[in-house]
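Summary of structural features
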Amino acid sequence: MRAATPGGHEPPTSVDYIIRHAAPTLAGLKTGNLFPLAFQDKAGFLKTLQEANRVLVPRGLRLLPLRLEEDKALLYLFRTSSLSRDLAQEQAREILCRAGYGEPGCLPCLRELTRRLRNGDEFPHEIGLFLGYPPEDVQGFIRHRGREAKACGCWKVYGDEETAQARFDAFKSCTARYCRLREQGATLEHLTVES
């Protein structure tokens, strides 16, 4: 239960942050979302993570801390079947191979991504593949070093601008709808579409 603030509003909870930052993934529109979350109590945060996964895992999603510090985490919410499909695409496999990912497959690639994020190596720009970005846009970002994009929204677009813009609009609309539903009392369980 959330305690009310002096203005009558309840402070946001971890579930509120998950919904606000990952609604398109919860709704089945996107492979994954990455977002930071600050916390005061690490043990309480880990318990919240476990509780969220009790709801998410049976529906085909997982919430993982890709980086975990004393008072903040970099969280990754993803759909396991979508991630496996995305990483199996030929162009995605080629990008990951060139980036030094050894063993193909969802779990080995996730382990390598986590290692790179935790070791503070150069930021892994191939991370877009784990978020459902089109491989041609991920490759374009790497090749052009983030410059010369046709458009910019949830990611920088180097390929099909019209399709990307339609997806950006769908993600924005989904997030607004999910935030409204949450304000009306919807739970994480009610807002998670099963894979």
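Some remarks on the confidence of the model for the protein
- Averaged over every residue, the pLDDT of the protein is 92; the share at 70 or more is 94%.
- Within the model, pLDDT remains below 50 along residues 1-8, and this stretch shows twelve contacts once partners closer than five positions in the same chain are excluded.

Digging into the packing of aromatic side chains
- As enumerated under the stated definition, the model contains six aromatic pairs in all.
- Seen in terms of ring centroids, Y101 and F130 are 6.2 Å apart; in terms of plane orientation they differ by 35°. Their pairing is tilted. Residue Y101 is located in the loop between α4 (90-98) and α5 (106-119), and its partner F130 is located in the loop between α5 and α6 (135-144); the two are separated by 29 residues in the primary sequence. In this structure, Y101 and F130 share a single accessibility class: buried.
- Counting every residue linked through ring pairs, the aromatic cluster contains Y133, W155, F168 and F171.
- Against the face of Y17 rests R20, its NZ or CZ located 5.3 Å from the ring centre.

Let's talk about the nonpolar core
- Formed by 27 residues in total, the largest nonpolar core has its most connected members in Y76, L83, L129 and F130.
- Those elements that place two or more of their residues in this core are β3 (72-79), α3 (80-88), α4, α5 and α7 (161-183).
- Counting residues per element, this core draws most heavily on α5, which supplies five residues.
- For F130, the residues in contact, after removing those within four places along its chain, are T31, G32, Y76, L83, L87, L96, Y101, C109, L110 and L113.

Some details on the sheet that holds strand β1 (residues 32-38)
- Strand order in this open sheet of three strands is β1-β3-β2, and the pairing throughout is antiparallel. Two strands close off the open sheet at either side, each with one partner strand: β1 and β2 (61-68). On average, each strand axis in the sheet is inclined to that of its neighbour by 25°, with strand direction left out of account.
- Contacts from helix α1 (residues 14-26) reach β1, β2 and β3 within the one sheet, and its direction differs from that of β1 by about 165°.
- Along the sheet, helix α2 (residues 42-56) makes contact with β1, β2 and β3, crossing β2 at roughly 155°.

Reading the values: the criteria
- Residues numbered from 1 in each chain as written.
- Predicted model: local features only at pLDDT ≥ 70, side-chain atom pairs only at ≥ 80, totals over all residues.
- Heavy atoms only, no water.
- pLDDT = per-residue confidence, 0-100.
- Contact = heavy atoms within 4.5 Å.
- Phe/Tyr/Trp six-rings, centres within 6.5 Å; stacked < 30°, edge-to-face > 60°.
- Helix = DSSP H or I, 4+ residues; strand = E, 2+ residues; numbered from the N terminus.
- Buried < 20%, exposed > 50% of the residue type's maximum accessible area, 1.4 Å probe, protein only.
- Lys NZ or Arg CZ within 6 Å of the ring centre and 35° of its normal.
- Core = buried A, V, L, I, M, F, W, Y, C linked by side-chain atoms within 4.5 Å.
- Pairing = 2+ DSSP bridges.
- Axes fitted to C-alpha atoms, helices over the stretch in contact; angles between N-to-C directions.

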